[in-house]
Structure formats: C-alpha cells, structure tokens
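Fold and geometry: a report
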Amino acid sequence: MIVITVLMLRRRRRKAAVLKVERFVMKIMPLISRIGLVVGMMSEFFGIGDGVLIVPGLSCATGTLMICGIGSSLLSIETFGLTIALNYAISAK
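Note that residues are indexed from 1 along each chain, following the sequence as it is written. In keeping with the model being predicted, local features are shown solely for residues with a pLDDT of at least 70 and side-chain atom pairs are shown and tallied solely at 80 or more, while totals for entire chains, interfaces and linings include all residues. Side-chain measures were taken over the full set of non-hydrogen atoms in the model, leaving aside hydrogen atoms and water.

1. Description of the overall build of the chain
Check the secondary structure of the chain and you find 4 helices and 0 strands. To sort residues, take the accessible area from a 1.4 Å probe on protein chains only and compare it with the maximum for the residue type: under 20% means buried, over 50% means exposed, and anything in between is partly exposed. Looking at the chain as a whole, 13% of its 93 residues are labelled buried. Element-wise, carbon and sulfur atoms account for 73% of the exposed surface of the chain, whose accessible area totals about 8000 Å². Helix and strand assignments come from DSSP, with helices taken as H or I runs of at least 4 residues and strands as E runs of at least 2, each series counted from the N terminus. The Shrake-Rupley method, run with a 1.4 Å probe sphere, supplies the accessible areas, and residue values consider only the shown protein chains as cover.

2. Quick look at the packing of aromatic side chains
Two numbers describe a pair of aromatic rings. These are the distance of the centres and the angle of the planes. Note on ring pairs: Phe, Tyr and Trp rings are taken, using the six-membered ring of Trp, and paired if centres are within 6.5 Å. Classes follow the plane angle, with under 30 degrees stacked, over 60 edge-to-face and the rest tilted. In this structure the tally under the stated criterion is 1 aromatic pair. With a centroid separation of 4.9 Å and 80° between ring planes, the pair formed by Phe45 and Phe46 is classed as edge-to-face. Neither residue differs from the other here; Phe45 and Phe46 are each classed as exposed.

3. Thoughts on the environment of Gly69
Here Gly69 lies in helix α4 (residues 66–91). C-alpha of Gly69 to C-alpha of Leu58: the two residues are 11 residues apart in sequence and 5.9 Å apart in space. Note on definitions: a residue-residue contact is assigned when non-hydrogen atoms from the two residues lie within 4.5 Å. Here Gly69 is in contact with Val55, Leu58 and Ser59, once residues within four sequence places are set aside.

4. Some words on a nonpolar patch on the surface
Together, Val38, Met42, Phe45, Phe46, Ile48 and Val52 make up a nonpolar patch on the protein surface, roughly 600 Å² of accessible area in all. The biggest single contributor to the nonpolar patch is helix α2 (residues 15–46), with 4 residues. A relative accessible area of 36% places Ile48 in the partly exposed class. To count toward a patch, a residue needs a relative accessible area above 30% and no salt bridge. Like charges then connect within 9 Å, nonpolar side chains (Val, Leu, Ile, Met, Phe, Trp, Tyr) within 5 Å. For salt bridges, the criterion is a side-chain nitrogen of Lys or Arg within 4 Å of an Asp or Glu carboxyl oxygen.

5. Some details on the confidence of the model for the chain
Each residue carries a pLDDT value, the predictor's own confidence for that position, ranging from 0 to 100. With 80% of its residues at a pLDDT of 70 or more, the chain shows a mean pLDDT of 78. Per-element mean pLDDT across the chain ranges from 66 in helix α1 (residues 2–11) up to 87 in α4.

6. Digging into the environment of Ile70
Relative to the elements of secondary structure, Ile70 occurs in helix α4. On the accessibility criterion, Ile70 (37% relative accessible area) is partly exposed. Counting along the chain gives 16 residues from Ile70 to Ile54, while the straight-line C-alpha distance between them is 9.1 Å.

Shown next as structure tokens:
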C-alpha cells in the first residue's frame, strides 16, 4: 500500500495541478463541512460508520469515485489502528 502511494505521488506534476486542487478545495469546503457534520452526527447516533455513512458521504462531498472514499477510509482506519497498537506496546508492562 505504501509503495503504491509513493508511486502515485511521484507521477503527479505539482505546479498547475496544485493550484487547481487548491481552488477546488476552497470551493467545496463548505459542502464538505456540512456533509461531515451530518454524517458525524448520524454515525454517533446510530453507532455505524465507515462503510455505511462516511465513505458515501466523502464520495458525495468531493465528487470522486467510491473507490477513492474506500481508500481514504482504509488509510484512516489503518493509521488509527497502528497508533493504538504502538501506544499499547509502549505502555504495556
């Protein structure tokens, strides 16, 4: 997974692409914030999360494919799990 991420980032040209992405992000930030608030409240209330609410909300807010939302969700779950495992390993006696 890390190798694929590095390969994807290396292929990207920065100058014009970064400016285009920055303008796009500033344009859709209010929409992402509202969808994030609603999805967060629903997932907290119903006790469900990633696959049911967060991935479709992320795909809807950013206008990307569902696979991109799934990848982002897996990355966050993986990072959170690794952090918890390392914290447990360090604090275990």
